[in-house]
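What follows is the residue order along each chain.
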Amino acid sequence: MKPETLNFFDKVYEVAKQIPYGRVTSYGAISNYLGAARSARMVGYAMNGSGGKDVPAHRVVNRKGLLTGKHHFDGTNLMQQLLESEGVKVIDNQIQDLDTVFWDPNEIL
DNA sequence: TGCGTGACTTCGT
DNA sequence: GACGAAGCCACGC
């Protein structure tokens, strides 16, 4: 077994769990924090394994603030509903005031 | 065993 | 300023 790969995933989970309430981040921000700015895809893939974890995948969106991963959720507007429930304005699967709710791990950590 | 796909991002033209 | 192509790593078939 090579936990090194799991380390990458685990790292993503760690960062995702640290996302404050009412804040969101992007795959690129996490991947950049991990030192793999061009591996943003893996971050999203890691979220695939977030099932069963306490990882708020709904707080992770793409660079544009678009809920691209919402298709992988339970149904349709679950992800959007969760964000709105936290005070994040989301319209048409797109986060409003992204600059305000955006949370950069590199900046905070 | 090997090829293709995927919750994205960045560089280049 | 906008569009196209490449890169990254892991998992599935």
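Residues numbered from 1 in each chain as written. Chains lettered and ligands numbered in written order. Predicted model: local features only at pLDDT ≥ 70, side-chain atom pairs only at ≥ 80, totals over all residues.

Trainee: Any chance you could explain the nonpolar core here in plain terms?
Mentor: Looking at soluble globular proteins, one finds that nonpolar side chains tend to be buried together. Grouped together as the largest cluster of nonpolar side chains are 23 residues, with contacts concentrated most on Val12, Ala16, Ile30, Val43, Val60, Val88 and Ile95. Going through the elements one at a time, α1 (3-17), α2 (27-34), α3 (40-48), β2 (60-61) and α4 (78-85) are the ones with two or more residues in this core. Among the elements that make up this core, the one with the highest residue count is α2 (five residues). Not counting chain neighbours up to four residues away, the residues in contact with valine 88 comprise Gly22, Val24, Leu83, Ile95 and Val101. (Core = buried A, V, L, I, M, F, W, Y, C linked by C-beta atoms within 7 Å. Buried ≥ 20, exposed ≤ 12 C-beta atoms within 10 Å, placed from the backbone. Helix = DSSP H or I, 4+ residues; strand = E, 2+ residues; numbered from the N terminus. Contact = placed C-beta atoms within 7 Å.)

Trainee: Please clarify how the protein's contact with DNA strand B should be interpreted in this entry.
Mentor: Neighbouring DNA strand B are 20 residues; Gly28, Gly44, Met47, Arg63 and Gly69 lie closest to it. Counting residues per element, the ones that place at least two in the surface near DNA strand B are α2 and α3. By residue number, the principal contributor to the surface near DNA strand B is α3, which donates seven residues. Among the residues forming the surface near DNA strand B, the class breakdown is eight nonpolar, nine polar and three charged. (Near = placed C-beta within 6 Å. Nonpolar A, V, L, I, M, F, W, Y, C, P; charged D, E, K, R; others polar.)

Trainee: Help me understand α2 in this model?
Mentor: Note that an α-helix has 3.6 residues per turn; residues three or four places apart therefore point the same way. A large share of α2 lies buried, amounting to six of its eight residues. Where α2 ends, the next residue or the one after it, glycine 35, has phi of about 90 degrees, a positive value.

Trainee: In this structure, what is going on with the packing of α2 against α3? I would like to understand it.
Mentor: Axes are the key here: two packed helices are described by the angle between their axes and the distance separating the axes. Where α2 meets α3, the axes come as close as 8 Å, and the angle between the chain directions of the two elements is 105 degrees. Taken together, α2 and α3 sit at an angle that is classed as roughly perpendicular. Contacts between α2 and α3 involve Tyr27, Gly28, Ile30 and Ser31 from the first element and Ala40, Val43 and Gly44 from the second. Residue composition of the contact of α2 with α3, grouped by class: four nonpolar, three polar and no charged. (Axes fitted to C-alpha atoms, helices over the stretch in contact; angles between N-to-C directions. Parallel < 35°, antiparallel > 145°, perpendicular 65-115°, else oblique.)

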